Amino acid sequence: MMKCKRYLLPVLFLAVFSSCRKEDLPSKSIELVNLEFKLGTPNSRQQSIQTYSLTPADENAIKSIILLAFKVVSPGVETFQYHKEGMQIYPGSTVNEKKFFTSIQKSPETYRFVLLVNGGDQVSDQVENLVPNTAKEDVIQNLSYLITTKWDASSSATFTPLPMWGESSEIAGIHAQTVLPQVELLRSLSRIDIKLDPTLSPTHTITDIYVQNANDKASMAPFPSSYDGLGNLISPSIPPGTNPLGVQHYDFTGDNLTSIEGEIYLLEAEAASSPGASDATALAIGISENGGATEYYRIDFLSSGVPIPLLRNRKYSITISNIVGTGELNPLDVFSLAPPDRTVAEGYKISGNRITRENGLSIRIDTEQ
């Protein structure tokens, strides 16, 4: 028995010592201050229906917040120092404002804070393994999440909160009296809404929708290379190891819907190699006339005939204003058949800020900022 005690004591000491090193516990010399952060959530437009959709409050739901602290070493050079969890998340003074508290390290240095919202266990585990003094761009490019099926947004009762991110301006010195600037959050996904024009809605309904080549992986925050010189997001941030999901199905059979809003959320995607290409992220829209058989029409994301990428924090609003010809009875045929055998929706528009027109088709893209 005495021999067993002499063996266990050094093992216990080593385990405790190793645990302290792994968690990178702050030393007694580090002083923490409790500060309040204000968050601006993306603007939400009132939806015309609530069946099969998230409400504006659902879209801005915040379940978790991780704060990443970056020290500003010099202009354009920032390095990761530590992370903290957001606590006491509560509503702000306006509908699009949230607040939370956290403890951050007191410092005379200049810092910038990046906030990761609703990243789930995947992002949380990645953050735990971040190494201090890593360059900010390297940190951002290694924080991502993976999905295995379509985003769960079928109802307010059961949905997966939407990932968001944001970052503060530079803050010169952190102390108990520091007033932090509001951080604007932006969504890490694209939202796709589809509706029938009022001229069609009395006789036609949307029965179901298929999505081809939706990506399975996304970066929590955009890469620095995704911005132009004016700070505008111009290209998707696709992390390594991204692959297309299988064809995803959204079924509304029997619901007599003429508008699908706030249910289809896709991860960022590169523009297709060419219009109607097999690698395109595209839709097959099922439409029934007067309760008859469903026919499917393909919709691609184009601007002036040129494929465009799906970008984060955008809403692509598709309005089907006219139906030309007969659709396919098999939805997968709109993805597999080669032109001119493939049925393409000719009378639709995708609405928003940038508008082009060609052959009765217009494209508009709403930012959700």
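In what follows, the structure referred to is the one given above.
Here goes a summary of the coordinates provided. Keep in mind the model is a prediction, meaning the values are calculated, not measured. (Residues numbered from 1 in each chain as written. Predicted model: local features only at pLDDT ≥ 70, side-chain atom pairs only at ≥ 80, totals over all residues. Heavy atoms only, no water.)

Below, the discussion takes up the packing of aromatic side chains. Applying the stated criterion across every chain yields a total of nine aromatic pairs. Ring centres 6.4 Å apart and planes at 55° place the aromatic pair Tyr82 and Tyr111 in the tilted group. Here Tyr82 is found in strand S3 (residues 77-85), whereas its partner Tyr111 is found in strand S6 (residues 107-117), with 29 residues between them in sequence. Take Tyr111: its relative accessible area is 7%, and that puts it in the buried class. Between Tyr111 and Phe113, the ring centres sit 6.2 Å apart and the planes meet at 15°, which makes this aromatic pair stacked. (Phe/Tyr/Trp six-rings, centres within 6.5 Å; stacked < 30°, edge-to-face > 60°. Helix = DSSP H or I, 4+ residues; strand = E, 2+ residues; numbered from the N terminus. Buried < 20%, exposed > 50% of the residue type's maximum accessible area, 1.4 Å probe, protein only.)

Take the nonpolar core next. Ranked by internal contacts, the top residues of the largest apolar core, which has 57 residues, are Leu68, Leu116, Tyr145, Ile192, Ile194, Ile209 and Ile285. No other element matches strand S16 (residues 259-266), which puts four residues into this core. If we ignore the near neighbours within four places in the chain, the residues touching Ile285 are Ile194, Ile206, Asp208, Ile209, Glu295, Tyr296, Tyr297, Ile299 and Ile320. Judged by nonpolar contacts, the second largest core, of 21 residues, contains Leu35, Ile65, Ala69 and Met164. (Core = buried A, V, L, I, M, F, W, Y, C linked by side-chain atoms within 4.5 Å. Contact = heavy atoms within 4.5 Å.)

Once that is clear, we can look at the pattern of salt bridges. In this structure the tally under the stated criterion is eleven salt bridges. One salt bridge in this structure joins Glu78 and Arg112, with 2.8 Å as the shortest N-O distance. Of the two residues, Glu78 is situated in strand S3 and Arg112 in strand S6; the sequence distance between them amounts to 34 residues. With a relative accessible area of 10%, Glu78 lands in the buried category. The salt bridge involving Glu167 is made with Arg112; its shortest N-O contact spans 3.9 Å. Of this pair, Glu167 sits in strand S8 (residues 164-167) while Arg112 sits in strand S6, and the two are 55 residues apart along the sequence. (Salt bridge = Lys/Arg side-chain N within 4 Å of Asp/Glu carboxyl O.)

Any empty space left between atoms is shown by rolling a water-sized probe over those atoms. This model, assessed by the stated rule, comprises four cavities of 30 Å³ or more. A volume near 70 Å³ is recorded for the largest cavity. Taken together, 16 residues make up the lining of the largest cavity; nearest its centre are Ala272, Ala280, Thr281, Phe301 and Ile308. Broken down by class, the residue content of the lining of the largest cavity amounts to eleven nonpolar, three polar and two charged. (1 Å grid on protein atoms, 1.4 Å probe; cavity = no way out; pocket = protein on both sides within 12 Å on 5 of 7 lines; lining within 4 Å. Points joined across faces, edges and corners; volume = space filled by probe spheres on them. Nonpolar A, V, L, I, M, F, W, Y, C, P; charged D, E, K, R; others polar.)

Structurally, Lys136 can be placed in helix H4 (residues 136-140). The class for Lys136 is buried, based on a relative accessible area of 13%. Between the C-alpha atoms of Lys136 and Phe80, which are 56 residues apart in sequence, the distance is 6.1 Å. Apart from residues lying up to four places away in sequence, Lys136 is in contact with Phe70, Glu78, Thr79, Arg112, Val114 and Glu167. For Lys136, the side chain forms a polar contact with the side chain of Glu167, separated by 3.0 Å. (Polar contact = N/O pair within 3.5 Å; in protein donor to acceptor, adjacent residues only side chain to side chain.)

This paragraph deals with the pairing of strand S17 (residues 282-289). In terms of burial, S17 is largely enclosed, as seven of its eight residues are buried. Bridge analysis of strand S13 (residues 204-212) against S17 gives eight bridges, and the strand direction is antiparallel. By the bridge assignment for S17, Tyr210 is matched with Ala284. Judged from the five bridges that link them, S17 and strand S18 (residues 295-299) form a sheet pairing that is antiparallel. Looking at S18, one finds that Gly286 is bridged to Tyr296. Connecting S17 to the next strand, S18, in antiparallel fashion are five residues, including Asn290 with a positive phi near 55°. (Pairing = 2+ DSSP bridges.)

Strand order across the open sheet formed by four strands is S4-S5-S1-S10, with mixed pairing between neighbours. Among the strands making up the open sheet, the edge pair consists of strand S4 (87-91) and strand S10 (183-184). Relative to strand S5 (residues 97-105), strand S1 (residues 32-40) is paired through nine bridges, and the arrangement is antiparallel. Bridge pairing links Gly40 to Glu97 in S5.

In space, the four strands of this open sheet follow the order S15-S13-S17-S18, with antiparallel pairing throughout. Both edges of this open sheet fall to strand S15 (248-251) and S18, since each of them pairs with a single strand only. Ignoring strand direction, the axes of neighbouring strands in this sheet form an average angle of 25°. Here S13 pairs with S15 via four bridges, running antiparallel. In the strand pairing of S15, Ile209 is matched with Tyr250. (Axes fitted to C-alpha atoms, helices over the stretch in contact; angles between N-to-C directions.)

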